[in-house]
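# Chain and residue survey
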Amino acid sequence: FYEEKKLQFEEASLNEKLANEAIDITLPATRIPMGAPNILEKIIEEIETLLMSMGYDVVDGPEIEEDRYNFELLNIPKGHPARDAQDTFYIKDEDILLRSQTSPVQVRTMLAAKGEIPIRMICPGKTWRRDDDDATHSHQFMQIEGLLVDKDISLSDLKGTFDVIAKHLFGTSTETRLRPSYYQFTEPSVELDISCFNCGGDGCAICKQTGWITVAGAG
């Protein structure tokens, strides 16, 4: 009897609500605020999509790295200025550190390939260096490195790839150039410049009146 009465009361209460509470489906819906993508992640995704369309693999590696991958196997021996404690975040001892570049991923990829297969990869990720934070420097920053190992590959392939990336990111009117430089782990080595996106190459404060901005190193 109790359960029967309870169901009757619940049904009567529901019917009363349905009769008195109407929903106007013509009212606009509640707007749900949405955030914007993180600018760094957005750029990384753009570059990953572009390079994958060109046949590159996206490879990842540890951010806490061994000294031999971060330095030794990149022709940066002990005693080299790049190992200065003022430049690198060492953990516990000089064998373990926060990677100062994403190049260790290239080393690991080449060792895994054992020289038996071509390599076409990029490795985006976080890196750390002891640096004073300002408008153009940070102790933690992002890098995106690429590696292409195959027969009949030359600097012209590098220039063409860089040109495609620069025009995709900064506009089709962007000009690119390569300048001789020095890096321990590439020969020959070059610095990669783009025409200033602010002044179009005429010279301004951003490009230090040169009309060019250095955005990467390669070889």
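Residues numbered from 1 in each chain as written. Predicted model: local features only at pLDDT ≥ 70, side-chain atom pairs only at ≥ 80, totals over all residues. Heavy atoms only, no water.

### Topic: the pattern of salt bridges
The condition that has to hold: Each reported salt bridge corresponds to a side-chain nitrogen of Lys or Arg within 4 Å of a carboxyl oxygen of Asp or Glu. Starting at the N terminus, helices and strands are each numbered in turn, a helix being any DSSP run of H or I of at least four residues and a strand any DSSP run of E of at least two. Each residue is assigned to one of three classes by its accessible area relative to the maximum for its type, calculated with a 1.4 Å probe on protein chains only: buried under 20%, partly exposed between the two thresholds, exposed over 50%.
Counted under the stated rule, the structure contains eight salt bridges. Where Arg108 meets Glu65, a salt bridge forms, and the shortest distance between an N and an O atom there is 2.7 Å. Taken together, the residues Arg108 in helix 4 (residues 103–113) and Glu65 in strand 2 (residues 64–66) connect sequence positions 43 residues apart. Here Arg108 falls in the partly exposed class, since its relative accessible area comes to 28%.

### A look at the packing of aromatic side chains
This is how it is decided: Each Phe, Tyr or Trp ring (for Trp, its six-membered ring) is paired with any other whose centre lies within 6.5 Å, and the angle between the two planes then decides the class: stacked below 30 degrees, edge-to-face above 60, tilted in between. A ring is considered to have a charge above it if a Lys NZ or an Arg CZ atom is located within 6 Å of its centre and within 35 degrees of its normal.
A complete count under the given rule lists one aromatic pair for this structure. Ring geometry for Phe170 versus Phe197: centroids 5.9 Å apart, planes at 10 degrees, classification stacked. Residue Phe170 is located in helix 5 (residues 155–170), and its partner Phe197 is located in the loop between strand 8 (186–195) and strand 9 (212–218); the two are separated by 27 residues in the primary sequence. According to the relative accessible area criterion, Phe170 is partly exposed, its value standing at 38%. One cation-aromatic arrangement involves Arg108 over Tyr69; the distance from NZ or CZ to the ring centre is 3.9 Å.

### Observations regarding a negative patch on the surface
Note the threshold: Patch membership needs two things, relative accessible area over 30% and no salt bridge, and members are linked within 9 Å if like-charged or within 5 Å if nonpolar (Val, Leu, Ile, Met, Phe, Trp, Tyr). Where accessible areas are quoted, they stem from the Shrake-Rupley method and a 1.4 Å probe; at the residue level, only the protein chains shown are allowed to cover. Positive: Lys, Arg. Negative: Asp, Glu. His and the chain ends are not part of the count. Where a charge lies is defined by one atom per residue type, namely NZ (Lys), CZ (Arg), CG (Asp) and CD (Glu).
Among the surface-exposed residues, Asp84, Asp87, Asp131, Asp132, Asp133 and Asp134 lie close enough to one another that they form a single negatively charged patch. Relative to the helices and strands, Asp87 is located in the loop between helix 3 (67–70) and strand 3 (90–91).

### Details of the pairing of strand 5 (residues 119–128)
Here is the rule we go by: Note on pairing: two strands pair once DSSP finds at least 2 bridges between them.
The element strand 5 is extensively covered by neighbouring structure, given that eight of its ten residues are classed as buried. In this structure, strand 1 (residues 57–58) lies alongside strand 5, joined through two bridges in parallel fashion. Note on strand 5: the bridge partner recorded for Asp57 is Met121. Pairing of strand 5 with strand 6 (residues 140–149) involves ten bridges; the strand directions are antiparallel. Paired with Arg120 across the two strands is Leu148, which belongs to strand 6.

### Notes on a nonpolar patch on the surface
Where nonpolar side chains cluster on the molecular surface, the patch consists of Ile39, Leu40, Ile43, Leu169, Phe170, Phe197 and Ile206 and spans about 640 Å² of accessible area. Listing elements by their share of the nonpolar patch, those giving two or more residues are helix 2 (39–53) and helix 5. By residue number, the principal contributor to the nonpolar patch is helix 2, which donates three residues. Tracing the sequence through the fold places Leu169 in helix 5. According to the relative accessible area criterion, Leu169 is partly exposed, its value standing at 31%.

### A look at the sheet that holds strand 3
Ordered by their spatial adjacency, three strands build an open sheet running 2-4-3, and the pairing between neighbours is antiparallel. This sheet does not close on itself; its edge strands, each paired only once, are strand 2 and strand 3. Two elements, strand 3 and strand 4 (residues 93–98), share two bridges in a ladder whose sense is antiparallel. Paired with Ile91 across the two strands is Asp93, which belongs to strand 4.

### Structural notes on the nonpolar core
Applicable threshold: Buried Ala, Val, Leu, Ile, Met, Phe, Trp, Tyr and Cys residues that are joined via side-chain atoms within 4.5 Å together make up what is termed a nonpolar core. We call two residues in contact whenever any of their non-hydrogen atoms come within 4.5 Å of each other.
Among the nonpolar cores identified, the biggest contains eleven residues, and these are Phe162, Ala166, Val190, Leu192, Ile194, Cys196, Cys199, Cys204, Cys207, Ile213 and Ala218. Mapped by element, the contributors of at least two residues to this core are helix 5, strand 8 and strand 9. Not counting the four nearest positions on each side in its chain, Val190 is found in contact with Leu158, Leu178, Arg179, Pro180, Ser181, Tyr183, Gly217, Ala218 and Gly219.

### Digging into helix 4
The complete set of buried residues in helix 4 reads Ser103, Pro104, Val105, Gln106, Val107, Thr109 and Ala113. Its buried side turned inward, helix 4 meets strand 2, helix 3, strand 5 and strand 6.

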